[in-house]
Amino acid sequence: MIKPSGTPFDDPFMPDEDFSLDEFETDYEVSCDETLCEEFQKECDDFFAPGGTLAQNAQSAGIKSELRPQQRAMAGAIAKALCDGEHLCIEAPTGVGKSFAYLIPLIFRAKRHCRPAIISTETINLQEQLINKDIPFLSRMLGMEIKASLAKGRRNYLCRRRFAMLSGEQRDTLLPNPSLALDIERVAMALEKGTEGSKDDFQFRIDREIWNMICCESGNCMAAKCPHFRNCCYFKARRQWEQSDIIVANHALFFTDLAMRCLEEGAGTLLPNYGAVIFDEAHTLEDSAAGHLGVRLSRPVVISMLNRIYNPDNAKGLLMRSHGIPPELRGMVAETRDESYGFFAGFEEFLNRHNESAVEINHPENFIDGLTPKMMRLASHLQKLADNEEDEDESFKTEIESMISRCRETVDDLDAFMHRTMPDAVYYAENESGGVTLNATPLNIAEILSELLFNQDFTVILCSATLTVRNSFDYFISHSGFSGRTLLLDSPFSPDQATIRLVRRMPDPKYREYKQALADEIFSAVDVTDGKAFVLFTSYEILRYCQETLQQDFLDNDWLLLAQGNGSSRSQLLRDFKADVNSVLFGTDSFWTGVDVPGEALSHVIITKLPFAVPSHPLIAARMKKIEREGGNSFSGYSLPEAVLKFRQGAGRLIRNRDDRGYITILDPRLISRSYGRMFLDSLPYRSEIIN
């Protein structure tokens, strides 16, 4: 069975039978089919037309506005899709202005009292841009109120009941470390000043362990019985969502909600009853869906859950209450925790023997599972404790019942992984920074999305700057299950704005001399623009080698070298890069996409290696095997198009507006020596020159 990854953290509140959520419901007076018409389409078109609303208001506000036929075409296509109830897939290159192109049809649609629309994005930056910049700007321009809200998973909100419990007389038994009491005091002061209770609203860092103890979770929500319900941070946000015209969410929240709507009968929903969804950054659709429609079981999560019940290392936890706790129960938790370490250690040893960070698990029966019976036994005894609990300590009982649900969820995940109950999925163990994680990831995402996403009563619009390979949507459609119309827009930028530099003298990446040659050529390339460069890597190992090799040379040339993996966050690295015009940033996967640095600060993108996915990773290998089993070619049917799309994303960091100029240097000789190199070059509109 496919289920939303992350349960029970993101499950919705399920009210008692005598409680009504009527106050969260919105009456939609007019159906979309009756209101979206020719007048609506004309209104959208007029907004972007020469001399139209956008041009007039931009001129009066002293803002530079350029006529973008692509933006107008995109808005018109979206308006028509909403009218016709059809799905639409759009490739909108950088510079088209896609956010305005989809916001205007959604805003005009909202005026007709249709169901709210969801905008789902991959990155926080885009969500913040929509909520804090684009929608308020259009609201002022149109002179109308646009009700928009940012939807986040419930664990992003503080639970006042849990906070009161942790900050009350039980604090000493629950707080894992006395030094963390300062966090509790700071949170209390922020709440007194009127903080809404979203994690992002607190202007200071809250320890992760503390936040896990005070955040909102579905399994321990007391619903209408909670004394803090009317002032609940999460349900205040929910009310805003219900009253909004446009709700901005991320792909993770959307897919969790979708799975609960379609796969878990009676599970309720997270998001309101929407009438349309826009997927921006839709190039991540397959991976986002796969990551949230499978099973993920990690050692840190299991240990953290057990520590909340009772931590034998510091004698803290729920079971340290002074009365009513059977003495053997704490020992049972300690045994289960020890078994957890032992269970995951078996997979860790397996990974070490194979000298891999991730390995497919084809025979889980070879691993001893002593964790399931101990977890079941613990859940049973916790249930007895909850059943015998006096009503006056309802908060404690709720926390215990939440832990029972967590234990049973863990048992379900263990069963799914150890007995491979999910059809057409890959099962693998992976070593991550916090410990071992067991994953069961579906391989038939196209079939799943075809049914769950594209076979519902709402319109789905997909858009991204990179969805096609050689101007064809075929690859994306085959992997996403999309069915509907497609629209390929051309770039509003000139091909003369960038030059592709192909360095012929580079050795093949498989040769030993490649690393030193790469460092030398990076230095030569950076010298062309006196810094101002992104250097994109496909591995941390090579990044660190080049960083250590070039550190002194960069200092000698007054180039600030910023490198991913040195302790600074992605956001901080970008801020430092923009602040120093001659800086150079070394980045891996997360810097290939979703980064926007217009202007002189980024004048050069250096791609060290063509971004082919690592074929040994179990998920990649399983996808390729599936293609081969079905009679296809895994290289041309998966590896190559995936690499081309990521290559386009990386190169797309350079030109962000009509004034940008620069170079794209590619230090992988296979672009010249291999026949498939032409596919990469053809994916970019710029002229190329060979550096001998």
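All figures in this text were calculated on a predicted structure; none of them were measured in a lab. (Residues numbered from 1 in each chain as written. Predicted model: local features only at pLDDT ≥ 70, side-chain atom pairs only at ≥ 80, totals over all residues. Heavy atoms only, no water.)

S.K.: I'm lost on the environment of Tyr-157 in this one. Help?
M.R.: Along the chain, Tyr-157 turns up in the loop between strand E3 (148-150) and helix H7 (160-167). Residue class for Tyr-157 comes out buried when judged on its relative accessible area of 5%. Residues Tyr-157 and Cys-215, spaced 58 residues apart in sequence, show a C-alpha to C-alpha distance of 5.6 Å. Those residues within four positions of Tyr-157 in sequence are excluded, and the remaining contacts are Leu-150, Lys-152, Gly-197, Ser-198, Trp-211, Cys-215, Cys-216, Cys-233, Tyr-234, Ala-237 and Trp-241. (Helix = DSSP H or I, 4+ residues; strand = E, 2+ residues; numbered from the N terminus. Buried < 20%, exposed > 50% of the residue type's maximum accessible area, 1.4 Å probe, protein only. Contact = heavy atoms within 4.5 Å.)

S.K.: Would you mind going over the packing of aromatic side chains with me for this structure?
M.R.: The description of an aromatic ring pair rests on the distance of the ring centres and on the angle between the ring planes. Per the counting criterion, the structure on display carries 33 aromatic pairs. Residues Phe-254 and Tyr-274 carry aromatic rings whose centres are separated by 5.8 Å and whose planes lie at 40 degrees to one another, so their mutual orientation is tilted. Taken together, the residues span a long stretch of sequence, with Phe-254 in helix H12 (residues 251-263) and Tyr-274 in the loop between H12 and strand E5 (276-280) at a distance of 20 residues. With 6.0 Å between their ring centres and 80 degrees between their planes, Phe-554 and Phe-586 make a pair best called edge-to-face. Here Phe-586 lies in strand E15 (residues 584-587) and Phe-554 lies in helix H21 (residues 540-556), a separation of 32 residues in the sequence. Each member of the pair, Phe-554 as well as Phe-586, carries the same accessibility label: buried. By way of ring pairs, the aromatic residues Phe-343, Phe-344, Phe-347, Phe-350, Phe-367, Phe-417 and Tyr-427 are connected into one cluster. The ring of Phe-591 carries Arg-570 above its face, with NZ or CZ at 5.5 Å from the centroid. Its guanidinium or amino end placed over the ring of Trp-592, Lys-646 lies 5.6 Å from that ring's centre, counting from NZ or CZ. (Phe/Tyr/Trp six-rings, centres within 6.5 Å; stacked < 30°, edge-to-face > 60°. Lys NZ or Arg CZ within 6 Å of the ring centre and 35° of its normal.)

S.K.: Just to check I follow, could you spell out the environment of Gly-631 for this structure?
M.R.: Take Gly-631: it is sitting in the loop between helix H23 (618-629) and helix H24 (634-651). The spacing of Gly-631 and Asn-314 is 317 residues in sequence and 57 Å in space, taken between C-alpha atoms.

S.K.: Could you clarify how one ought to interpret the pairing of strand E12 (residues 498-503) in this entry?
M.R.: In summary, the side chains of a regular strand alternate between the two faces of the sheet. When you tally the buried positions in E12, you get 6 out of 6 residues, the bulk of the element. By the bridge criterion, 5 bridges tie E12 to strand E18 (residues 687-691) in an arrangement that is parallel. The residue of E18 that forms the bridge with Thr-499 is Arg-687. (Pairing = 2+ DSSP bridges.)

S.K.: Teacher, can you tell me more about the nonpolar core here?
M.R.: Nonpolar side chains in soluble globular proteins generally cluster together in the buried interior. In this structure, Phe-254, Phe-279, Ile-309, Leu-319, Phe-347 and Leu-462 are the most contacted members of the largest nonpolar core, which totals 111 residues. Here this core takes 10 residues from helix H17 (residues 394-418), the largest share from any one element. Listed in part, the 44 residues of the second largest apolar core include Leu-602, Val-605, Leu-640 and Ala-651. (Core = buried A, V, L, I, M, F, W, Y, C linked by side-chain atoms within 4.5 Å.)

S.K.: Even after reading the chapter, I still don't get empty space enclosed by the protein, so can you show me in this structure?
M.R.: Evaluation of the coordinates by the stated rule reveals 1 cavity of 30 Å³ or more. Taken as a whole, the largest cavity encloses approximately 140 Å³ of empty space. Residue lining of the largest cavity: 16 residues in total, with Cys-159, Arg-161, Cys-221, Cys-226 and Cys-232 positioned closest to the centre. Where the lining of the largest cavity is concerned, the elements lending two or more residues are H7 and helix H11 (233-242). Among the residues forming the lining of the largest cavity, the class breakdown is 10 nonpolar, 2 polar and 4 charged. (1 Å grid on protein atoms, 1.4 Å probe; cavity = no way out; pocket = protein on both sides within 12 Å on 5 of 7 lines; lining within 4 Å. Points joined across faces, edges and corners; volume = space filled by probe spheres on them. Nonpolar A, V, L, I, M, F, W, Y, C, P; charged D, E, K, R; others polar.)

S.K.: Can you walk me through the sheet that holds strand E6 (residues 295-298) in this structure?
M.R.: Pairing between the strands of a sheet is mediated by backbone hydrogen bonds and can be parallel or antiparallel. The 4 strands lie next to each other as E6-E9-E8-E7, forming an open sheet whose pairing is antiparallel. Taken across any chain shown, the strands that pair with only one partner, and hence form the sheet edges, are E6 and strand E7 (358-360). If you compare each strand with its neighbour and ignore which way they point, the axes differ by 20 degrees on average. As paired strands, E6 and strand E9 (residues 435-442) are joined by 4 bridges and run antiparallel to one another. Within E9, the residue paired with Ser-298 across the bridge is Thr-437. Strands in contact with helix H14 (residues 299-309) are E6 and E9; relative to E6, the strand with the most contacts, it is inclined by about 65 degrees. (Axes fitted to C-alpha atoms, helices over the stretch in contact; angles between N-to-C directions.)

S.K.: What is the right way to read the confidence of the model for the chain from this model?
M.R.: When pLDDT is low, close inspection of the predicted coordinates is not appropriate. Per-residue pLDDT for the chain has a mean of 89; in total, 92% of the residues score no lower than 70. Long-range and interchain partners of residues 1-32, a stretch whose pLDDT sits below 50, account for 89 contacts in this model, where long-range means more than four residues apart. (pLDDT = per-residue confidence, 0-100.)

S.K.: Help me out: how do you make sense of the layout of surface pockets in this one?
M.R.: Vacant regions in the atomic arrangement are exposed by a probe of water-molecule size rolled over the atoms. By volume, the second largest pocket is sized at about 1,800 Å³. Taken together, 49 residues make up the lining of the second largest pocket; nearest its centre are Ser-99, Gln-129, Lys-133, Asp-596 and Arg-656. By residue number, the principal contributor to the lining of the second largest pocket is helix H6 (residues 124-142), which donates 9 residues. Residues of the lining of the second largest pocket, tallied by class, amount to 16 nonpolar, 16 polar and 17 charged.

S.K.: What is the right way to look at the sheet that holds strand E14 (residues 561-563) in this model?
M.R.: The 7 strands lie next to each other as E14-E15-E13-E16-E17-E12-E18, forming an open sheet whose pairing is parallel. Single-partner strands in this sheet number two, and they are E14 and E18. Shown here is a sheet whose adjacent strand axes are inclined to one another by a mean of 20 degrees, direction ignored. Where helix H20 (residues 514-528) meets the sheet, its contacts fall on E12, strand E13 (533-536), E15, strand E16 (604-607) and strand E17 (662-666), and the angle it forms with E16 comes to roughly 165 degrees. Contacts between H24 and the sheet are confined to E13, E16 and E17, with E16 contributing the most and set at about 150 degrees to the helix.

S.K.: Got a minute to help me understand the pattern of salt bridges in this structure?
M.R.: Pairs can form between side chains of opposite charge once their charged atoms are near each other. For the structure shown, the criterion picks out 30 salt bridges. Arg-648 is paired through a salt bridge with Glu-91; the nearest N and O atoms lie 3.1 Å apart. Taken together, the residues Arg-648 in helix H24 and Glu-91 in strand E1 (residues 88-91) connect sequence positions 557 residues apart. The class of Glu-91 is buried, set by a relative accessible area of 3%. Across the pair Lys-374 and Glu-335 runs a salt bridge, and its minimum N-O distance is 3.8 Å. Taken together, the residues Lys-374 in helix H16 (residues 371-387) and Glu-335 in helix H15 (residues 327-354) connect sequence positions 39 residues apart. (Salt bridge = Lys/Arg side-chain N within 4 Å of Asp/Glu carboxyl O.)

S.K.: Which parts of the structure should I look at to understand unusual backbone geometry?
M.R.: With the exception of glycine, most residues fall at negative phi, and the peptide bonds are largely trans. Look at Arg-470: it is not a glycine, yet its phi comes out positive at around 55 degrees. The phi angle at Asp-558 is positive, at roughly 60 degrees, despite the residue not being glycine. Looking at the secondary structure, you find Asp-558 in the loop between H21 and E14.

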